[in-house]
There are 4 protein chains.
Amino acid sequence: MDGRDWRKFLYPYEQSVDELKVKFKSLRTELKQLEDFSPIEFVTGRVKKVSSILEKARKLNVSMDHLETGIEDIAGIRVMCQFVEDIERVVELIHERQDMDVVYEKDYVNNNKPSGYRSYHVIVEYPVQTALGVKKVLAEIQIRTLAMNFWATIEHSLNYKYKEKLPKEVVTRLEKAAEAAFKLDEEMSSIREEIVDAQKDFATKSDL
Amino acid sequence: MDGRDWRKFLYPYEQSVDELKVKFKSLRTELKQLEDFSPIEFVTGRVKKVSSILEKARKLNVSMDHLETGIEDIAGIRVMCQFVEDIERVVELIHERQDMDVVYEKDYVNNNKPSGYRSYHVIVEYPVQTALGVKKVLAEIQIRTLAMNFWATIEHSLNYKYKEKLPKEVVTRLEKAAEAAFKLDEEMSSIREEIVDAQKDFATKSDL
Amino acid sequence: MDGRDWRKFLYPYEQSVDELKVKFKSLRTELKQLEDFSPIEFVTGRVKKVSSILEKARKLNVSMDHLETGIEDIAGIRVMCQFVEDIERVVELIHERQDMDVVYEKDYVNNNKPSGYRSYHVIVEYPVQTALGVKKVLAEIQIRTLAMNFWATIEHSLNYKYKEKLPKEVVTRLEKAAEAAFKLDEEMSSIREEIVDAQKDFATKSDL
Amino acid sequence: MDGRDWRKFLYPYEQSVDELKVKFKSLRTELKQLEDFSPIEFVTGRVKKVSSILEKARKLNVSMDHLETGIEDIAGIRVMCQFVEDIERVVELIHERQDMDVVYEKDYVNNNKPSGYRSYHVIVEYPVQTALGVKKVLAEIQIRTLAMNFWATIEHSLNYKYKEKLPKEVVTRLEKAAEAAFKLDEEMSSIREEIVDAQKDFATKSDL
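Here is a short report on the structure shown in this document. Please read these numbers as outputs of a predicted model, since none were measured by experiment. (Residues numbered from 1 in each chain as written. Chains lettered and ligands numbered in written order. Predicted model: local features only at pLDDT ≥ 70, side-chain atom pairs only at ≥ 80, totals over all residues. Heavy atoms only, no water.)

## With respect to the pattern of salt bridges
All names here are of chain A. Test applied: Take a side-chain nitrogen of Lys or Arg and a carboxyl oxygen of Asp or Glu: if they are within 4 Å of each other, that pair is a salt bridge. Under the DSSP-based scheme used, a helix requires at least four consecutive residues in state H or I and a strand at least two consecutive residues in state E, with every element numbered from the N terminus. Buried means the residue's accessible area, taken with a 1.4 Å probe over protein chains only, is under 20% of the maximum for its type, while exposed means over 50%, and partly exposed covers the values in between.
In the structure shown here, the tally under the stated rule is 52 salt bridges over all chains. Two residues, K56 and D73, come together in a salt bridge whose shortest N-O distance is 3.1 Å. With K56 in helix α2 (residues 50-60) and D73 in the loop between α3 (67-70) and β2 (75-81), this residue pair connects regions lying 17 residues apart in the sequence. Taking relative accessible area as the criterion, K56 reaches 27% and is therefore assigned partly exposed. On the basis of relative accessibility, which here comes to 7%, the residue D73 falls in the buried class. A salt bridge links E68 to K135, with the shortest nitrogen-to-oxygen separation between them at 3.0 Å. With a gap of 67 residues between them, E68 in helix α3 and K135 in strand β5 (residues 133-145) connect regions that are remote in the sequence. The partly exposed category is assigned to K135, whose relative accessible area is 27%. Residues participating in the shared-partner salt-bridge network are R46, K48, K56 and D73.

Structure below.
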């Protein structure tokens, strides 16, 4: 596992994930207050496990001295949206923030992967204050709808099982599920305006 | 708002929701440990707002002296499943528990409402220990897939906006969205066995 | 470490601690609402680590087949009170509950240990619902003031360091600290009535 | 209550308290990891209620247009320490941070108030990112031992009850309680080195 003290190595990433989760959850609450509708449905976060970091380093040919720059998702945040249209708004809000810097972006929503994977990834540099000083760490923010997330979770499990060599039968079924997820997002978009208006009314008068 | 002390009235319901959330989350963790796969994806809960209780009492013609028996969802728990097949398993597990009694059930999964609503509702009686003694309260447990939940949340908002008189145009679109949600659940079921096996492998070797 | 699956062995204790924490925190909130003053200041809980269970079993001569009955504090709850007088009230409330049974009690408040340790211990039997059925587990509830807790935490650390053979010098200092903690509790008790009245006023009009 | 939208006014303070709590709790964890002992025992935070803000503004003669600069503790963080010696260390760590600026300090530990109040206050300026841009807010960080905190909580309640005109009898008793709290802190300091060493051993080998 390499001689390093992994707890110390991971500590700034854990702190970053904790802070970023609080920040995006605050943003959700604030937007609900300001605009009665939030493009953010919910937020999760995790720090990559050591075994997964090592596996990815091997696959991407990243040397052990360059993990901090070579592996961009040691700190990972996932922002779930109700509608495809909300994703763009969240990306804009990230660009406007002064407490993190966008390094680069991958738009798998408009350019989905051959597998059917759809999501918007923003890699940011985030300065975190530790007891030993300020440290800048990379974090990956994945922005997706609930349908995209459902599909992606399942594809991830299957890839893991088959070591990325999915049987043709499974690939076909996954494609059909991806189509169904895409279709659901499309139908939802088509009634989006109605729904956004309805939820604004709703939030002010009742409880969900 | 009626002369009663609503905070005192609602208190046992709040405590029940807190306890039931802990219990169903524990069940999720335990099943992951025992069987490597949990039919429970996540759990939420809420106590109905006073304004919603009063509105429902008016609609159902429940007198103010019979709120505790007439309104069954003052305490509400929602259990989300990955697959339609998991719903039945969760219902069985509720029946086996000795810390709550099933009063009755509504199966809107096999008999979905005309609107397209699908979910399984179990009404239970739950004994909660207060500082003044034991009190038995009713609670509604809704069990549904993520796709069912997505659709239901949206339908709820639209009904609220239009006071249950949805324009024909919106009804048509909601039906299409319900079909897309149903289709997604079907596609997922068709690869369920693959996925359950994959997630069992996955849980033991990596992080999600 | 014994061949058993410790995660499975500890699972019902973890669930019990989670449920008991929720229940005593609810009790705190409820009493604040009903009486404007709660005898419970805050609540913590923990499951004993495997290494500590094994060490205690060795010391108490409990065989590995009898851990569940021989070690009473695998599940541990700590209830902190502002005043010595509150401890008795909490003990009474535990006796009145129907969701747990008192097995026996140890009153180290009126009969403090030679070391200076003061606390009230209640051993209860708590039925916990698991996926495999109901299981009754023992749990130890420690009730103490903040001053008692402060002293006890420190004594525990020192005992650990010196393997229960404290140097005479340290023993003398610990005794002085125990006296100071006792003195603080006494002074607080002497203005208790004033304070309880004041906090009732306070809770209704302002924020702490 | 003034015509303003208080929820919007308080929002940046709420977000600051959330972020600062996460940051000081992270610091606690990190120091335990790095040095086996943390000068921070636990951390709480709160946003001042509107009624208390207005009352303080009246008392300090702060105009309604200058609440943000005139009331320094709308956002309040409390850091509790085990030993008096830890307070200084926490103050140093705050000075070293780059994510907040110290505006000024009040040392009521070495210069306790006539009432017997002891605590160290650091007023900081904290930049918080909102959906509308960055906003700098003032926050008060109170650093104190558990004994200081216990006494202060009680004095606060009594002052509230008697509108700061405490009867002579109560004043005398509060002074005695302050002495007992001070004595406890002194006794604890006198065995501090022993205890810090013991807890370092302890943290690595067992569970508290």
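## Some details on the interface of chain B and chain A
Spelled out, the test is: Contacts are assigned to residue pairs that have any heavy atoms within 4.5 Å of one another. Two parts lose some accessible area (1.4 Å probe) when they are put together, and adding that loss for both gives the buried area. Polar contacts here mean pairs of N or O atoms no more than 3.5 Å apart (in protein, one a potential hydrogen donor and the other a potential acceptor; neighbouring residues in sequence count only if both atoms are side-chain atoms). Each residue gets one of three labels, nonpolar for Ala, Val, Leu, Ile, Met, Phe, Trp, Tyr, Cys and Pro, charged for Asp, Glu, Lys and Arg, and polar for the others, Gly among them.
Each partner contributes to the interface: chain B provides 43 residues, whereas chain A provides 42 residues. Taking both partners together, chain B and chain A bury about 4200 Å²; carbon and sulfur atoms supply 68% of that area. One can count 2 residue pairs in polar contact (both at pLDDT 80 or more) joining chain B with chain A. Breaking the side of chain B that touches chain A down by element, the ones donating at least two residues are β1 (42-47), α2 (50-60), α5 (146-161), α6 (168-190) and α7 (192-205) of chain B. Of the residues that constitute the side of chain B that touches chain A, the class distribution is 21 nonpolar, 9 polar and 13 charged.

## Here's the deal with the packing of aromatic side chains
Our working rule: Between rings of Phe, Tyr and Trp, where Trp is taken as its six-membered ring, a pair exists when centres lie within 6.5 Å; planes separated by under 30 degrees are stacked, by over 60 edge-to-face, and by other angles tilted. Sitting over a ring, as applied to charges here, requires NZ of Lys or CZ of Arg to be within 6 Å of the ring centre and within 35 degrees of the ring normal.
With the rule as written, the count across this model stands at 14 aromatic pairs over all chains. The interplanar angle of 80° and the centroid separation of 5.2 Å between the aromatic rings of W6(B) and F9(B) together place this pair among those described as edge-to-face. Here F9(B) and W6(B) lie together in helix α1 (residues 6-35), a separation of 3 residues that amounts to about one turn. Neither W6(B) nor F9(B) differs from the other in exposure class; each is buried. Here a set of aromatic residues connected by ring pairs shows up, and it is made of W6(A), F9(A) and Y13(A). In this structure, R97(B) packs its charged tip against the face of F24(B), placed 5.7 Å from the ring centre. The side chain of K113(B) reaches across the aromatic face of Y108(B), ending 4.9 Å from its centre.

## Quick word on unusual backbone geometry
One non-glycine residue, D36(A), lies in positive phi territory at about 65°. We classify D36(A) as partly exposed; its relative accessible area is 29%. Its identity is not glycine, yet N61(D) carries a phi of approximately 60°, on the positive side. The exposed category is assigned to N61(D), whose relative accessible area is 71%.

## Some words on the sheet that holds β2(A)
All names here are of chain A. The condition that has to hold: When DSSP finds at least two bridges between two strands, those strands are taken to pair. Fitted lines through C-alpha atoms give the axes, limited to the stretch in contact for helices. The angle between two N-to-C directions lies from 0 to 180 degrees.
The 5 strands are arranged β1-β2-β5-β4-β3 in an open sheet whose pairing can be described as mixed. Strand pairing shows two members of the sheet lacking a second neighbour, β1 (42-47) and β3 (101-107), which therefore form its edges. Between one strand axis and the next, the sheet turns by 25° as a mean value, whatever way the strands run. Against the sheet, helix α1 (residues 6-35) makes contact with β1, β2, β4 (120-130) and β5, and its axis sits at roughly 180° relative to β1, the strand it touches most.

## Observations regarding the nonpolar core
Generally speaking, soluble globular proteins have nonpolar side chains that are buried together. For clarity, the threshold we go by: To qualify as a nonpolar core, a set must consist of buried Ala, Val, Leu, Ile, Met, Phe, Trp, Tyr and Cys residues joined through side-chain atoms within 4.5 Å.
Counting residues in hydrophobic clusters, the biggest one holds 48 residues, and the most contacted among them are W151(A), L158(A), W151(B), I154(B) and L158(B). Apart from the residues within four sequence positions on either side, L158(B) is in contact with E194(A), I195(A), A198(A), L166(B), V170(B) and L174(B). Judged by nonpolar contacts, the second largest core, of 47 residues, contains Y162(C), L166(C), V170(C) and A198(C).

## So, the sheet that holds β1(B)
Residue and element names in this part refer to chain B. Ordered by their spatial adjacency, 5 strands build an open sheet running β1-β2-β5-β4-β3, and the pairing between neighbours is mixed. If you trace the sheet from one side to the other, it starts and ends with β1 and β3 (101-107), each paired once. Going from strand to strand, the sheet's axes swing by 25° on average, the running direction of each strand aside. Judged from the 6 bridges that link them, β1 and strand β2 (residues 75-81) form a sheet pairing that is antiparallel. Opposite G45, over in β2, you have I77 as the bridge partner.

## So, helix α4 (residues 84-96) of chain A
Residues and elements named next belong to chain A. Spelled out, the test is: Think of the arc as the fan of directions from the helix axis to the C-beta atoms.
For α4, every residue scored as buried is listed here: D86, I87, V90, V91, L93 and I94. The arc that holds the buried residues of α4, viewed along the axis, is 160°, so those residues lie on one side. Exposed and oriented more than 90 degrees from the buried face of α4 are E88 and E96.

## Section: the relation of the copies chain C and chain D
What counts here: Residues below a pLDDT of 70 in either copy are left out; the C-alpha atoms of the rest, at least 70 in both, set the least-squares superposition of the copies.
Least-squares fitting of chain C to chain D yields an RMSD of 0.0 Å, with the superposition described by an axial translation of 0.0 Å and a rotation of 180°. Expressed as an axis order, the relation between the two copies is that of a two-fold axis. Taking C-alpha positions as the reference, the residue of chain C nearest the rotation axis is A180(C), at 3.2 Å. Of all interface residues in chain C, 100% are interface residues in chain D too; the two copies therefore contact each other through one and the same surface.

## What to know about the interface of chain C and chain D
With 43 residues of chain C at the interface, the matching set in chain D holds 43 residues. Of the roughly 4200 Å² buried where chain C meets chain D, counting both sides, 68% is carbon and sulfur surface. Taken together, chain C and chain D are joined by 0 salt bridges. Scanning the region where chain C abuts chain D turns up 2 residue pairs in polar contact (both at pLDDT 80 or more). Those elements that provide at least two residues to the side of chain C that touches chain D are β1 (42-47), α2 (50-60), α5 (146-161), α6 (168-190) and α7 (192-205) of chain C. By residue number, the principal contributor to the side of chain C that touches chain D is α6(C), which donates 12 residues. The class makeup of the residues in the side of chain C that touches chain D is 21 nonpolar, 9 polar and 13 charged.

## Observations regarding the packing of α1(A) against α4(A)
Residues and elements named next belong to chain A. To keep things clear, this is the line we draw: Roughly parallel refers to an angle under 35 degrees, roughly antiparallel to one over 145, roughly perpendicular to one between 65 and 115, and oblique to any angle outside these ranges. The sense of a crossing depends on the near helix, which, turned anticlockwise from the far helix by less than a right angle, makes the crossing left-handed and, turned clockwise, makes it right-handed.
For the pair α1 and α4, the least separation of the axes is 13 Å and the interaxial angle reads 110°. Taken together, the axes of α1 and α4 are roughly perpendicular relative to one another. Crossing of α1 over α4 shows right-handed handedness. Contacts from F24, L27, L31 and E35 in α1 reach R89, L93 and I94 in α4. For the contact of α1 with α4, the per-class residue count stands at 5 nonpolar, no polar and 2 charged.

Limitation: the analysis is restricted to geometry and does not speak to function.
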